[in-house]
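# Structural overview for review
Spelled out from the first residue to the last, the chains are:
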Amino acid sequence: MISFYPGQQPDVAEAVKDCARRGLFSGGHYARAVEKLFQGELGARNLLLTPSCTAALIMACRLLRLEPGDEVILPSYNFPAAANAVLLAGGTPVFADIDPRTQNLSVPDAAQRVTKRTRAIVAVHYASVACDMDALNGLCAREKLDLVEDAAQAVAATYRGRSLGAIGRFGCYSFHATKVFSSGEGGALCFAKGDAAAAEVYRDNGTDREAFLRGESPGYSWRGLGESARMGELPAAALYPQLVRREEIIKRRLNVHRAYDRALLHAARRGLLTPMAVPEGCGINGHIYYVRFRSEADRERARAALLSEGIPALTHYVPLHLSPMGKSLGYEPDDLPESKRACETLLRLPIHEQMGEDDAALVADKLLKAVDR
Ligand SMILES: *Cc1c(COP(=O)(O)O)cnc(C)c1O
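Conventions we followed
Residues numbered from 1 in each chain as written. Predicted model: local features only at pLDDT ≥ 70, side-chain atom pairs only at ≥ 80, totals over all residues. Heavy atoms only, no water. Core = buried A, V, L, I, M, F, W, Y, C linked by side-chain atoms within 4.5 Å. Buried < 20%, exposed > 50% of the residue type's maximum accessible area, 1.4 Å probe, protein only. Domains from an automatic or database assignment. Contact = heavy atoms within 4.5 Å. Near = heavy atom within 4 Å. Polar contact = N/O pair within 3.5 Å; in protein donor to acceptor, adjacent residues only side chain to side chain. Salt bridge = Lys/Arg side-chain N within 4 Å of Asp/Glu carboxyl O. Helix = DSSP H or I, 4+ residues; strand = E, 2+ residues; numbered from the N terminus. Pairing = 2+ DSSP bridges. Axes fitted to C-alpha atoms, helices over the stretch in contact; angles between N-to-C directions. Buried area = accessible area lost by both parts, 1.4 Å probe.

## A word on the nonpolar core
By size, the foremost hydrophobic cluster in this structure holds 121 residues, and its most contacted members are Phe38, Ile121, Tyr173, Phe175, Leu189 and Leu367. Two domains share this core, each providing at least three of its residues, namely domain 1 (10-244) and domain 2 (246-372). Apart from the residues lying within four places of it in its own chain, the contact partners of leucine 189 are Asn46, Leu47, Leu48, Thr50, Ala56, Met59, Ala60, Leu63, Phe170, Gly171, Cys172 and Ala199.

Laid out in structure tokens, this is it:
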């Protein structure tokens, strides 16, 4: 039986038990250990753990201090989290189309949507493949926009050696159960050094309690707007052992990725399907393996064939501009054609560290039988 997500991990159970013994106050042994890993080897020097990536996105948008009417550009082919964050922070989300090669924000399309009111871009690194960062940084510099990286899927992924999530002014990670490193629910906010004090205060109900706990002041007080947005200590404990063995986890996932690539190469050459592209300079973490088909009918045939063999295969986002909420924001279905095409033709295949290359070969074989007729 091939499952879509990995099963039980003994070291996670062990860490959670140990955490229960040590005590449940947040910011304890495990939260500090996770933060230290990010600040060191994982290359995100300024980082706070949060209850989810969505919470981190909301914090980022709040810390941008959007004014009513301020616009934030983001891809329509996306989970609703960033769009909700923009709206909750009082801004207006503006949907842009994607590059069909990577399903990431099309920088030329985003550039066309910049107006006098544009303040920021929230870019998603889909499947942990980096956006075109040179073009994106160039656009943000030219138009004086802040960059928020929705790096939910991109923990430990890189662009030319730099950690994704730690490149823009803000970066947001997810440790949701569907992600490579999971605390069930969980996230983190990365930020530029200049935002450190404000981020810390916002996360702790608008107080300087964190500085007080570090012994920097005799008490703490309410300074401004904030939330209670710390990660619990138990989720941090669940996360820690996975991050410690992250290289092994990623290596195993990439073995599955390469096995899919090999098995699908011939069909790709014949134009039957297009396996996911990983452009030069992108270091991925194996979060997703997807293929795109020539038509929705082909995709549905492949999906049905896999499901009938008990192999889970999933489509992905309904573009936000096609959703009921997107429609209510004034979008028409044909506004963003590449996002719509991705919705119709993309299929995700199972990939995780408990699968072997033989599993990938089996899945690919069933898929090819359905398509190549
Ligand atoms: C998973 C995901 C989120 C949401 O993460 P949560 O931790 O569940 O809030 C946001 N954006 C993208 C691109 C995601 O994949």
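## Some details on the site of the ligand
Near the ligand you find 14 residues, and of these Cys53, Thr54, Asp150, Ser174 and Lys179 are the closest. Within the contact set of the ligand, a nitrogen atom lies 2.9 Å away from a side-chain nitrogen or oxygen of aspartate 150. Between the ligand and glutamine 153, the relevant distance is 2.9 Å, taken from an oxygen atom to a side-chain nitrogen or oxygen of the residue.

## Here's the deal with the pattern of salt bridges
Going through the model one piece at a time under the given rule, you end up with 28 salt bridges. Of the charged contacts, one joins arginine 117 and aspartate 70 as a salt bridge, the two residues approaching to 2.9 Å between their closest N and O atoms. Of this pair, arginine 117 sits in the loop between helix 5 (107-112) and strand 4 (118-124) while aspartate 70 sits in the loop between helix 3 (53-63) and strand 2 (71-75); the two residues are 47 residues apart in sequence, bridging distant segments of the chain. Given a relative accessible area of 37%, arginine 117 falls into the partly exposed group. A salt bridge links aspartate 146 to arginine 169, with the shortest nitrogen-to-oxygen separation between them at 3.1 Å. Within this pair, whereas aspartate 146 is found in strand 5 (residues 146-150), its partner arginine 169 is found in the loop between strand 7 (162-163) and strand 8 (170-174), the two being separated by 23 residues in sequence. Judged by its relative accessible area of 19%, aspartate 146 is buried. According to the relative accessible area criterion, arginine 169 is partly exposed, its value standing at 25%. Several salt bridges share partner residues, and in doing so they unite Arg203, Asp204, Arg209, Glu210 and Arg230 into one network.

## Description of the sheet that holds strand 3 (residues 92-96)
Strand order in this open sheet of seven strands is 1-9-8-5-4-2-3, and the pairing throughout is mixed. Every interior strand has two partners, whereas the edge strands, strand 1 (47-50) and strand 3, have only one. Direction aside, neighbouring strands of the sheet carry axes that sit 20 degrees apart on average. Bridging between strand 8 and strand 9 (residues 187-191) involves five bridges; their strand directions are antiparallel. Counted as the bridge partner of serine 174 is glycine 187 from strand 9. This element, helix 6 (residues 133-143), spans strand 4 and strand 5 of the sheet and lies at about 145 degrees to strand 5. Packing of helix 7 (residues 196-203) onto the sheet brings it into contact with strand 1 and strand 9, and relative to strand 1 it is tilted by some 15 degrees.

## A look at the domain arrangement of the protein
Domain annotation of the protein identifies domain 1 (10-244) and domain 2 (246-372). The straight-line distance from the C-alpha centre of domain 1 to that of domain 2 is 26 Å. With 43 residues of domain 1 at the interface, the matching set in domain 2 holds 37 residues. Carbon and sulfur atoms supply 59% of the area buried between domain 1 and domain 2, which totals about 3300 Å² over both sides. Contact with domain 2 buries area across many residues of domain 1, yet Tyr77, Phe95 and Val180 alone supply 20% of it, more than any other trio.

## Side note on the sheet that holds strand 11 (residues 282-283)
With respect to topology, three strands assemble into an open sheet ordered 7-6-11, the strand pairing being antiparallel. What marks the edges here is a single partner per strand, and that holds for strand 7 and strand 11. Bridge analysis of strand 6 (residues 158-159) against strand 11 gives two bridges, and the strand direction is antiparallel. Paired with threonine 158 across the two strands is glycine 283, which belongs to strand 11.

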